[in-house]
Amino acid sequence: MQSKAAKIIFIFLLVLVGSGAFWMYKFGPESFTHNETRKKYETYVQTEGTILTKEQRGSAIKKNTIWTVQFKDKEDKLQTVKIFDNTTTGKEIGEKITVYYNPSDPSECIDEKEYTEIM
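What comes next concerns the included structure. Since this is a predicted model, take the numbers as computed values, not measurements. Numbering of residues begins from 1 in every chain and follows the order in which that chain's sequence is written. Two thresholds apply to this predicted model, a pLDDT of at least 70 for residue-level local features and 80 or more for giving and counting side-chain atom pairs, whereas whole-chain, interface and lining totals are computed over all residues. As a rule here, side-chain values come from all non-hydrogen atoms in the structure, and water together with hydrogens is ignored.

### Observations regarding the overall build of the chain
The condition that has to hold: Working definition: helices are DSSP H or I runs of at least four residues, strands are E runs of at least two. Numbering for both runs from the N terminus. Note on classification: 1.4 Å probe, protein chains only; a residue is buried when its accessible area is under 20% of the maximum for its type, exposed when over 50%, partly exposed between these limits. Here the accessible surface of atoms and residues is derived via Shrake-Rupley with a 1.4 Å probe, and residues count as covered only by protein chains that are part of the display.
Counting its regular elements, the chain contains three helices and five strands. Split into buried and exposed, the 119 residues of the chain put 24% on the buried side. Carbon and sulfur atoms make up 59% of the accessible area of the chain, which amounts to about 8,700 Å² in all.

See below:
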């Protein structure tokens, strides 16, 4: 049977490791990349796009899907872009999805999941 002191030390170390992991997540090297990307995405505009094509790439074990999406930008021009599918649920051709694009360069376009992960 463990002593009370051993249990207290174990809990203290567990809290310490958890705090360190949280600090690395919030302020570690990856956070700087997220901050730069977050600043970039703040200017992006939300719109609705339609999936035109769906391309599968990769091996039999790991398949990547790339959508060709068409949407109208804020100037009402039709834009066609390719977006890497990072969702867990498959979308079908003709389905509407929410996308975010850079108003100064509409070819820079991401899906809603990527946008919400960063923001």
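### Topic: unusual backbone geometry
The backbone of D76 shows a phi angle near 65°, a positive value even though the residue is not glycine. With respect to the helices and strands, D76 occurs in the loop between β2 (63–72) and β3 (78–84).

### Some thoughts on the pattern of salt bridges
Test applied: One speaks of a salt bridge when a side-chain nitrogen belonging to Lys or Arg is within 4 Å of a carboxyl oxygen belonging to Asp or Glu.
This structure, assessed with the given rule, holds three salt bridges. When the shortest N-O distance is used, the salt bridge between E92 and K54 registers 3.7 Å. Separated by 38 residues along the polypeptide, E92 in the loop between β3 and β4 (96–102) and K54 in strand β1 (residues 45–58) bring together distant segments of the chain. Taking the relative accessible area as the measure of exposure, K54 reaches 32% and is therefore partly exposed.

### Things to note about the side chain of T68
Our working definition: Polar contact is defined as a pair of N or O atoms within 3.5 Å, subject to the rule that within protein one atom must be able to donate a hydrogen and the other to accept it, and that residues adjacent in sequence are counted only when both atoms are side-chain atoms. A contact between two residues is defined here by any heavy atoms of the two lying within 4.5 Å.
Mapped onto the secondary structure, T68 falls in strand β2. For T68, a relative accessible area of 11% translates into the label buried. Polar contacts involving the side chain of T68 include one to the side chain of K82, which spans 3.5 Å. With sequence-adjacent residues up to four places away left out, T68 is seen in contact with T50, I51, L52, T53, T80, V81 and K82.

### Thoughts on the sheet that holds strand β5 (residues 105–111)
Spelled out, the test is: In this description, strands pair whenever DSSP reports at least two bridges between them. All axes are obtained by fitting lines to C-alpha atoms, using only the stretch in contact for helices, and the reported angles, taken between N-to-C directions, cover 0 to 180 degrees.
On the basis of which strands lie adjacent, the open sheet formed by five strands has the order β3-β2-β1-β4-β5 and antiparallel pairing. The strands lining the two open edges of the sheet, one partner per strand, are β3 and β5. Within this sheet the neighbouring strands show an average axis-to-axis angle of 45°, counted without direction. In terms of strand pairing, β2 meets β3 through seven bridges, oriented antiparallel. Each residue of the ladder has a partner; that of T68, found in β3, is K82.

### Remarks on the environment of F71
Counting through the fold element by element, F71 comes out in strand β2. Separated by 27 residues in the primary sequence, F71 and T98 have C-alpha atoms spaced 9.6 Å apart. Among residues more than four places away in sequence, those in contact with F71 are T47, E48, G49, K77, L78, Q79, V81, V99, Y101, P106 and C109.

### Some points on the pairing of β3
Covered by surrounding structure in β3 are Q79, V81 and I83 only, the residues L78, T80, K82 and F84 on the alternate face being uncovered. Linking β2 back to β3 in an antiparallel pair, the connection comprises five residues, with D76 at a positive phi of about 65°.

Spatial relationships are all this shows, so hold off on functional conclusions.
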